[in-house]
Structure formats: C-alpha cells, structure tokens
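Chain residues, written in single-letter form:
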Amino acid sequence: MMERSEEQKQTIAPDYPEVSQQTLLLAKYLVETEYQDLPSHVIEGMKALTLDWLGSALAGKEFYPSDLFRQYAAMMGPAHGPSTIFNSKEISSNELKEGSSPYFAALVNGACGHLLEQDDLHNSSVFHPATVVFPALLAASEDLNASGEAFLLAATMGYEAGIRIGEFLGRSHYRVFHTTSTVGSISAAIAVGKLMNFNLEEMLNLIGNAATQSAGIWAFLEDAADSKQLHTAKANANGLLAAYLTKMGLKGAKNSLEGVQGLAAGMSEESNPSALSDRLGVRWAAIETSFKYHASCRHTHPAGDALLQLLNDEGLSYHDIVKVEAFVHQAAIDVLGAVIEPQSIHQAKFSMGSVLGLLAVHGRAGLFEFDQYSLTDRDVIAFRQKVSMVLDPEIDAAYPKEWRGKVEVETKEGRRYQSMLRYPKGDPENPLTQLELEEKFQRLLHFSGDQHLLAQSEALIAMIWKLETLETMKSLTKLIDPCNDL
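Residues numbered from 1 in each chain as written. Predicted model: local features only at pLDDT ≥ 70, side-chain atom pairs only at ≥ 80, totals over all residues. Heavy atoms only, no water.

(A) Summary view of the sheet that holds strand E2 (residues 387–391). Judged by pairing direction, the sheet is mixed, and its 4 strands sit side by side in the order E2-E1-E3-E4 without closing on themselves. The strands lining the two open edges of the sheet, one partner per strand, are E2 and strand E4 (416–421). Across the sheet, the mean angle from the axis of one strand to that of its neighbour is 20°, orientation sign disregarded. Relative to strand E3 (residues 405–411), strand E1 (residues 321–328) is paired through 6 bridges, and the arrangement is antiparallel. Following the sheet pairing, Val324 is matched in E3 by Val409. (Pairing = 2+ DSSP bridges. Helix = DSSP H or I, 4+ residues; strand = E, 2+ residues; numbered from the N terminus. Axes fitted to C-alpha atoms, helices over the stretch in contact; angles between N-to-C directions.)

Okay, structure coming up:
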C-alpha cells in the first residue's frame, strides 16, 4: 500500500454536509490511519487473529458444504487467476489448482472459515470479524501483491469499522439479522478499500456500495439449513465487488448507515450513532475480540465454562446430575432455542443441551467430540434432555458487553449447586495463551486430515508471527497451495 504525502492528506477531507457526522468521522479515521499508528500490541493481536482464522478456514475447507462453493467457483469462475482457493485434500486433479479471481477465492474461503464454529467473536457487537475480513483481504492481497504490513493495517481497519457498525445497529438488529452477514459485507469492503488506499470520497462511496448489499437472516436455525456458510461467503464476495467497483468509479450512497432510508432505519429499532466513532484511535476494538475454545456457537460457551467449573469444584460426575438450568441472556434463547433435537453436527453446535452434554460426559466440546458423540452418544443425548435455558435479568443486562455464565444443577440426592463466571475462556479478560492458540491451530489442521498442511503447520505458524516482514502475502499462500504460483 502506498503512503500518502502530507499534501494528499490535506485534500481528502472536504466537507460532506449530506453525510451524518458519525459516519464521516469513521470514514476519515479509516482513510487517515497508517501502519505506524498501530500500537505494537494491536499488531501482535491481529497476527493472532489471522492465525486463528486461517486454522478455522483450512479445516473447514474439508467439510460440506464447502465443496458446493468450490464446485460453483469451478463452474462460474475463471479457469485461473491470482488468488488462492482453499482446496479439499481430496482434489487430486488440477481442478482449481491454478487459482481463481479474487471474487471467487473470497466467496469459497469465506464459506470455509465459519463452518466449524471455531472463528472469533467480538462480544459487544455480536459479530464474527475474522470470517468476513480475512478471506476477502487475502484474495485481494494476492491480486494486488500487497505486503504483510498492508495486510495487517487493512485487516485492523476492517475489524475496527465492522465492530463499531455492529454496535451501532445493536441488539434489536441481531434478533432477526445475522450481524456477521449484514455488517460483514461492509467490513470486508472496508478492509479491501483500505488495501487499495481509498481516499475519503471513495471510502464513503464504498460503505454505501457495501451496505446496500447487506443481508442475512437467522431462519436457517429452525431447519438446519446451510445458509450460515452462504452468509459469510457472500459477505466476502460482496466486499470484493463493492471495493473493486468503487475503485472503477461506481458511486454509493454516502449516508448509507445513518440516513433516513439507510441501514439502521431498515434493520434496527435502537441504533446508536455514537458507536460509529467511539474513541477512534484510542480504543482498539479489534483486540477486544474473543477466541473460541469450544467448537460451538459462542452463546453456549459461558454456561459451558460455568458447568465445567462447577463439576470440577464440587467433584461431580454427569451420572450424579438429574437437572441442569443454564441462566442466559435473551439472545442465547433467540439463537439456541430453535434447536430442540439437533439433526446435524452443525445444528448440535447450536444446542445448549448438546454442548453441555459433551462437556459433562467427555470433558471437551471440540471438533472431535462433536463429530464422534454429539448425535449418537447415549449419555450425551440423555444429558441434553436434562438441560433447560432460563432468562436471567442480570446476565441479560450485562450482555452484550459481557457474556456471563451461570448454571445450577440438581443431583440425584436432591442437592443443588450453582456456579457463575464473568468471562468465558477466550475472552480478553480470560485469554488463550500463544501456546494454546498454536495448539488450537494444530488441532484444526489435524482434524482436516490434510497431510500437506500438517507438514507445513510449523512454517505457517512461524510466518504468521512475522507477518509484518513479508514483502508479499503470496509467501503465505504459497505454503498453503504450492500449485498456485501466478
């Protein structure tokens, strides 16, 4: 990414009286922030988030419906191109081995990263940033031959903007709309626009061109549909489309967030415009993001960790328990309540009873446990049927800033035990260590079964921890797919 001269900086901030103030402040910040403005701990945090997403996406590429997105790209996309599609280990021919366009690489890799429920989450925005920032950005970085520094800066801006837009739309938006999908189109676009060195005019057009594509509803939970992967795939593709067309001159609605016919007007009952510019340059929202320890919907994690804490503290076994109440915030009921008897492994990840059952019976709710036990283990199924969710006013009031966990169990002897925790494992206040992040990455690659990636795992980890030194992001994708050397 080219640095701007002082003269350029002075010419990118004309007055835009038609644009609401908070949107304008956010757009100016996105345009003016440079790599040297990023504190070292933010840079290190972004590298950790990159590693976490990459492991999730490389593992997710092996499982349905990722194959459908690859088939679609093979049918509709170009025969070759500058950007790497994460291929299944089962592909032995040259199918998709010569790369694709940035658009189709972002689409396919965007579907892979959200599939296994191991990608990150930002609490107060209820938004999964990685899965809608990194696929689009990596695809564009290969096309534009961007450096590691440019990648990290653009990713940070995608996170900072997306998180604030999620907070701006608020809880009422999340009841019907999947924020990762709706805000994801804008977040992906901003990351790519930053990589392209957009000025203020272009950034405002970009936000409008992305916001008008925002979509994604929660209805898929009711019948175990595959829409969640379509959400993240399309958000990444939308972001690429918006950025490249904006660069070509396509104008977007400049007041698309706060306007009377903007995003909040149609998708929120309680939007908070001040969130858009909240402590820009002082509060680094990106590193507030939580890492997932369990391979399930994040709404299950607080109660899951509270149950593990209770079983350990009281020396109880799942055999001892006849009833479990998980005290939760309303959004947990909205998202998880639709799953009564899970019909697929992915749906089991949205079942509070299934997650608590795996933790109680097997001590873990990881990828292997879901694959082997979530639908067939009789003890897990029996435990699932003992679990109910109860709306807790105190926990609900703290949400979404804090995702607190609280459970109460009743034993066969009629005794009751309760456990509560404030921060689930993986929150910034209860973080994963670097070693735990690296071990998670290795577990994800092992679960994928891709022997090439397993052989490259240490090299991938080492490269990501020195990402800012890379002259080109193609050095990273070359390790992933040595066949794509365009």
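(B) Structural context of the side chain of Ser100. For Ser100, the position within the fold is in the loop between helix H4 (66–76) and helix H5 (102–113). Ignoring anything within four residues of it in the chain, the contact list for Ser100 reads Pro78, His80, Gly81, Pro82, Ser83 and Ile85. (Contact = heavy atoms within 4.5 Å.)

(C) Spatial organisation of the packing of helix H3 (residues 40–60) against helix H6 (residues 130–144). Running from N to C, H3 and H6 cross one another at 90°; their axes reach a closest spacing of 10 Å. Between H3 and H6, the angle falls in the class roughly perpendicular. Judged by residue contacts, Met46, Leu49, Thr50 and Trp53 of H3 engage Ala130, Thr131, Phe134, Pro135 and Leu138 from H6. Of the residues assigned to the contact of H3 with H6, the class counts are 7 nonpolar, 2 polar and no charged. (Parallel < 35°, antiparallel > 145°, perpendicular 65-115°, else oblique. Nonpolar A, V, L, I, M, F, W, Y, C, P; charged D, E, K, R; others polar.)

(D) Fine view of the pairing of E3. In terms of residue burial, E3 counts as a mostly covered element, since 6 of its 7 residues are buried. Relative to E4, E3 is paired through 6 bridges, and the arrangement is antiparallel. Looking at E4, one finds that Val409 is bridged to Tyr417. The turn linking E3 back onto E4 is made up of 4 residues, and Gly414 within it adopts a positive phi angle of 90°. (Buried < 20%, exposed > 50% of the residue type's maximum accessible area, 1.4 Å probe, protein only.)

(E) Here's a closer look at the side chain of Ser354. Here Ser354 shows up in helix H15 (residues 352–362). Polar side-chain contacts of Ser354 include one of 2.9 Å to the side chain of Ser351. When sequence neighbours within four positions are dropped, the list of residues in contact with Ser354 reads Pro342, Ala348, Val380 and Arg384. (Polar contact = N/O pair within 3.5 Å; in protein donor to acceptor, adjacent residues only side chain to side chain.)

(F) Spotlight on the packing of aromatic side chains. Tallying each qualifying case throughout the model produces 12 aromatic pairs. Summarising the aromatic geometry, the rings of Tyr174 and Trp218 are spaced 5.2 Å apart at their centres and angled 75° between planes, so their arrangement reads as edge-to-face. Placement of Tyr174 in helix H7 (residues 148–176) and of Trp218 in the loop between helix H9 (200–211) and helix H10 (227–248) is noted, with a sequence separation of 44 residues between them. Looking at Tyr174, the relative accessible area reads 9%, which means it is buried. For the pair Phe220 and Phe350, a centre-to-centre distance of 6.5 Å together with 90° between the ring planes defines the contact as edge-to-face. Of this pair, Phe220 sits in the loop between H9 and H10 while Phe350 sits in the loop between helix H14 (345–348) and H15, placing them 130 residues apart in sequence. For Phe350, a relative accessible area of 2% gives the class buried. Counting every residue linked through ring pairs, the aromatic cluster contains Trp53, Phe86, Phe134, Phe151 and Tyr159. Its guanidinium or amino end placed over the ring of Phe370, Lys349 lies 5.4 Å from that ring's centre, counting from NZ or CZ. It is Lys425 that lies over the ring of Tyr293; its NZ or CZ is 5.1 Å from the centre. (Phe/Tyr/Trp six-rings, centres within 6.5 Å; stacked < 30°, edge-to-face > 60°. Lys NZ or Arg CZ within 6 Å of the ring centre and 35° of its normal.)

(G) Empty space enclosed by the protein, seen in detail. Applying the stated rule across the entire model yields 2 cavities of 30 Å³ or more. If you go around the largest cavity, you meet 14 residues; those closest to its centre are His128, Tyr174, Cys297, Arg298 and His299. Reported here for the second largest cavity is a volume of approximately 40 Å³. Residue lining of the second largest cavity: His299, Pro302, Ala303, Phe327, Val328, His329, Arg404 and Gly405, and that is the complete set. (1 Å grid on protein atoms, 1.4 Å probe; cavity = no way out; pocket = protein on both sides within 12 Å on 5 of 7 lines; lining within 4 Å. Points joined across faces, edges and corners; volume = space filled by probe spheres on them.)

(H) Inspection of the pattern of salt bridges at higher detail. Enumeration according to the criterion identifies 27 salt bridges in this entry. Among the ionic pairs, Lys47 bridges to Glu44, the shortest N-O distance being 2.8 Å. With Lys47 and Glu44 both in helix H3 and 3 residues apart, the pair spans about one turn of that helix. For Lys47, a relative accessible area of 1% corresponds to the buried category. Take Glu44: its relative accessible area is 38%, and that puts it in the partly exposed class. (Salt bridge = Lys/Arg side-chain N within 4 Å of Asp/Glu carboxyl O.)

(I) Main features of helix H2 (residues 21–32). Taking 1.5 Å per residue as the helical rise, H2 with its 12 residues ought to reach 16 Å, and the 16 Å between its terminal C-alpha atoms agrees with that figure. Those residues of H2 not exposed but buried are Gln22, Thr23, Leu24, Leu26, Ala27, Tyr29, Leu30 and Val31. On the buried face of H2, the contacting elements are H7, helix H8 (179–195) and H9. (Expected span 1.5 Å × (residues − 1).)

(J) Local environment of the packing of H5 against H10. Running from N to C, H5 and H10 cross one another at 155°; their axes reach a closest spacing of 7 Å. Taken together, H5 and H10 sit at an angle that is classed as roughly antiparallel. Taken as a pair, H5 and H10 cross one another with a handedness that is right-handed. Judged by residue contacts, Pro102, Tyr103, Ala106, Leu107, Gly110 and Ala111 of H5 engage Gln229, Thr232, Ala233, Lys234, Asn236, Ala237, Leu240, Leu241 and Tyr244 from H10. Per-class residue counts for the contact of H5 with H10 are 10 nonpolar, 4 polar and 1 charged. (Left-handed = near helix turned anticlockwise from the far one by under 90°.)

Spatial relationships are all this shows, so hold off on functional conclusions.
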